[in-house]
Amino acid sequence: MKLSRKFVSDYISIDVDMKTLADDMTSIGNEYDSCCKLIPTSKLMIGQVVECVDHPDSDHLHICKVNIGSEILQIVCGAPNVREGLKVIVAVDGTTLPGGVIKKGMIRGQESNGMLCAISELGLEHKFLTEKDINGIHELPDDAPIGEDAIVYMGLDDEVIDFELTSNRGDLLSILGMAYEIGALYGKEVQEMDLSFEETKETIEHQFELDIQTENCPLFLVKKVVDVKIKESPDFIKARLIASGIRPINNVVDISNYVMLETGQPLHYYDADRLGNQLIVRMATEEEKLTTLDHQERVLSSSDIVIATKKEAVGLAGVMGGLTTEIEEDTKNIIIESAIFHPTCIRKTSKKVLRSEASNRFEKGLDPKRTYMAMMRSCHLLEKYADAKILSGMVEYKNLEIQDKIITVSLDKVNRILGIILTKNEVLDILKRLQFGVCVQGEEFEITVPTRRCDISIAEDVIEEIGRIYGIDRIEGKALVLPVVPGTVDKTKRYIRNKLASFGLNETLSYALTPESDGLQFTTAQGIEKVKVLDPMSEDRNTLRYSLIPSLLSIFKYNKARNYKDISIYEIGKGFYKKDGNYYEEEKLAILMTGVYQLGLKKETVDFYVIKGVLEELLDSLGYHDRYSIVITSDIAELHPGQSARIILNNVEIGVIGKVHPSIVKENIFVLEINLDTLLQFRTKKMQYKEISKYPTVLKDVAFVVKKHVTSDEIRSVIKKAGGKLLSKIEIFDVYEGENISSDEKSVAFALTFQDQTRTLSDDEVMTIFNQIIEVVEKKLSARVRDK
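These numbers come from a predicted model, not from an experiment.

1. Describing the environment of Ile654
And step 1. Mapping Ile654 onto the fold places it in strand β39 (residues 652-660).
And step 2. Separated by 629 residues in the primary sequence, Ile654 and Met25 have C-alpha atoms spaced 54 Å apart.
And step 3. Aside from chain neighbours lying at most four places away, what touches Ile654 is Ile647, Leu649, Glu673, Ile674, Asn675, Thr678 and Leu679.

Encoded structure:
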């Protein structure tokens, strides 16, 4: 937002220089990017060319005699439009321009004591130049006073602060909003805006129809003015538009922009004779086309709001008008639109089409009272500077409540949150400087927040305003004292990180935003939806991830492209999803392993059992030994149907493990993912360590032939119960299918370890338990001992 000193001075007096104002505004939270003069120069004078002859040694230079009031200077000029009698801008010897310092000298043997200036040489942007200014020096009016300051005469003796505003302060995208902010800063009153105008006896109400067909337009106002005269704007309007970064066009178009800058409410003018007697506000149809004022054909979607007639769309709401109803030199009658549209819709449309001054304001939300004010101000200026006649009445659609917010806050809460001690009178003074209504009831303030402050809705917002105007720099810093409460979850996550690092895995950090195609990959949950971002940075980052595995796969691809093939990585991060209209996020752990895995001196090629071993070691060390199981599954689309499983803890699924499906990557990549929020809900006892027994162990091997549907965990569970306390360890060392085994059977071999902590076991008692195990397994699982 560019703030012109002369523009804002219409509504509030400023007694400090602009640099001081910029610094003071920064102290209350409004940072600025630059503060400078509109025309960064001096010693520019109005002169008149009293003689102009061709240079004897040049085919394009002219030798001019220029009267600057105090003397007549000889200046050599190459502009094609220089001529005798022309009033010009003169830069005399010593004048500093953006291109350098002007010095007198000799040009092809002729003395030159200055320069006749084009507007572009004064530092103005190219967009502000007329065709005449582009092709030559600037021509001043015939009544320009010789010898006077040219910049002052042109109204360009202004200073501009370019503010970098926060997104919540849409109210500051207007001169009035800035005036209120300066008033709060210095304790000054804001002057009222002149909204006066006369109306004709003819009314608009029975000759114009408004049809609102979408909920995305809660307020729409229409007035009609007739007999306008299109001409050049007054100099002060042109100068203030230029200072605000907007190119002047003609008086009517300039007034619409001028009012937008004053009030923050964008307006749109239609040529009433080309428009007809009806406006329809609706959502665009898919692939609908509209040619906008910049002569570009736009292809619209159903998320865009359009202003239309029964025949066609004539404007892209909140962004840009249509070419067919443009204000042109022959326009006589005008329909004025002042409206409010849904900010999100405008944001989406402007991102696709064009970010404009209007869309920037609509996106941040508008004050409905200013919608009416802007309409009145527009009529006032059109009557004054375009000789317009304003028809009485107004066509109005309103589907919103226009009322100030009432917020109650206590003095104690103000001081407690700000950490300072303010008196009741100090708080009252600040609220009055903000021009908030306030009623004091004991130690409480009942505050009326005007509709112009859309960013204030709760007590804490008001307290922030009080602290801001009081002065953040005046609040003394204090050491923060908080009780240190040990966090079990954070401690467990630190343990997991350390444990995985000890396994030789490297931690990664990746974006939570992914392409939409990755949104619900590697999920086993039912009835969930992906979470899409309303305003993504790019289409590659438009969805919040559900699983961390796609992020790890991206990291794998990055490393593979750089010839790193042996990868063992993990990440702890958030996964997101939507279910039944509610949004959820969960803490997850994901691991990816591929290539050769090395731990110490041992190397082995990564397969299902390697990553399963990492999982088991981790869960066992966390205290979940014998409480989890790995259940083979084939219904996870992104995992290989023959090498994938669900991880079950206490009969609750906590994650998945397996080989990534060949349709996603050709390499042998194994992954697992655990929902840490679910895992850590299950309590574990404190780890207890027991002394290594000094008595020997007895080892026995046995292989059972069972039906294929019987899992190894089922066999293991039966063995454990039958073995009793003397069975200290059970390990699977072989699974076999093939020769000498039926096609519907498999052989699972176990290594059983027997041991007692207090004595040496005899062969007889070990064999008794061993035989008992075989008998129970054969009976419960219809198994048999494999003999060969």
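2. A closer look at the packing of aromatic side chains
And step 1. The final tally for this structure, using the stated rule, is 8 aromatic pairs.
And step 2. Seen from their ring centres, Phe236 and Tyr258 are 6.1 Å apart, and the 90 degrees between their planes marks the pair as edge-to-face. With Phe236 in helix α6 (residues 235-243) and Tyr258 in helix α7 (residues 251-263), this residue pair connects regions lying 22 residues apart in the sequence.
And step 3. For Tyr258, a relative accessible area of 1% gives the class buried.
And step 4. Arranged with centres 5.2 Å apart and planes meeting at 20 degrees, the rings of Tyr577 and Tyr584 form a pair that is stacked.
And step 5. A relative accessible area of 12% means that Tyr577 is categorised as buried.
And step 6. Taking the relative accessible area as the measure of exposure, Tyr584 reaches 37% and is therefore partly exposed.
And step 7. Its end group placed over the ring of Tyr180, Arg452 keeps NZ or CZ at 3.8 Å from the ring centre.
And step 8. Seen from the ring of Tyr558, Arg562 lies directly overhead, with NZ or CZ sitting 3.7 Å from the centre.

3. What to know about the sheet that holds strand β28 (residues 444-449)
And step 1. Reading across the sheet, the 3 strands line up as β26-β28-β27 and stay open at both edges, with antiparallel pairing between neighbours. Every interior strand has two partners, whereas the edge strands, β26 (405-410) and β27 (437-441), have only one. Sheet twist, expressed as the average angle between the axes of neighbouring strands with direction ignored, equals 20 degrees.
And step 2. Together, β26 and β28 form the strand contacts of helix α12 (residues 411-418), whose direction differs from that of β26 by roughly 75 degrees.

4. Things to note about the packing of α12 against helix α14 (residues 459-470)
And step 1. Remark: α12 packs on α14, axes separated minimally by 10 Å, with the N-to-C direction vectors making an angle of 65 degrees. Relative to α14, the element α12 is oriented roughly perpendicular. In terms of crossing hand, the pair formed by α12 and α14 is right-handed. On α14, the residues that touch Lys413, Val414, Ile417 and Leu418 of α12 are Ala459, Glu460, Ile463, Ile466 and Gly467.
And step 2. Residue classes in the contact of α12 with α14 are distributed as 6 nonpolar, 1 polar and 2 charged.

5. What to know about helix α17 (residues 608-621)
And step 1. The terminal C-alpha atoms of α17 lie 20 Å apart, and with 14 residues this matches the ideal 20 Å at 1.5 Å per residue to within 8%.
And step 2. For α17, the full list of buried residues reads Phe608, Val610, Ile611, Val614, Leu615, Leu618, Leu619 and Ser621.
And step 3. Structurally, the start of α17 carries an N-cap: the backbone nitrogen of Tyr609 is 3.1 Å from a side-chain oxygen of Asp607.
And step 4. A positive backbone phi angle near 100 degrees is found at Gly623, which sits one or two residues after α17.

6. Some remarks on the pairing of strand β36 (residues 602-605)
And step 1. Where strand β35 (residues 596-599) and β36 come together, 4 bridges link them in antiparallel fashion. Pairing of Val596 across the sheet is with Thr605, part of β36.

7. Here we look at unusual backbone geometry
And step 1. The phi torsion at His295 lies on the positive side, around 65 degrees, for a residue other than glycine.
And step 2. Mapped onto the secondary structure, His295 falls in the loop between β18 (289-291) and β19 (297-299).
And step 3. For His295, a relative accessible area of 59% corresponds to the exposed category.
And step 4. Although it is not a glycine, Ser782 sits at a positive phi angle of roughly 55 degrees.
And step 5. On the secondary structure map, Ser782 appears in the loop between α20 (763-781) and β44 (784-785).

The rules behind these values
- Residues numbered from 1 in each chain as written.
- Predicted model: local features only at pLDDT ≥ 70, side-chain atom pairs only at ≥ 80, totals over all residues.
- Heavy atoms only, no water.
- Helix = DSSP H or I, 4+ residues; strand = E, 2+ residues; numbered from the N terminus.
- Contact = heavy atoms within 4.5 Å.
- Phe/Tyr/Trp six-rings, centres within 6.5 Å; stacked < 30°, edge-to-face > 60°.
- Buried < 20%, exposed > 50% of the residue type's maximum accessible area, 1.4 Å probe, protein only.
- Lys NZ or Arg CZ within 6 Å of the ring centre and 35° of its normal.
- Pairing = 2+ DSSP bridges.
- Axes fitted to C-alpha atoms, helices over the stretch in contact; angles between N-to-C directions.
- Parallel < 35°, antiparallel > 145°, perpendicular 65-115°, else oblique.
- Left-handed = near helix turned anticlockwise from the far one by under 90°.
- Nonpolar A, V, L, I, M, F, W, Y, C, P; charged D, E, K, R; others polar.
- Expected span 1.5 Å × (residues − 1).
- Polar contact = N/O pair within 3.5 Å; in protein donor to acceptor, adjacent residues only side chain to side chain.

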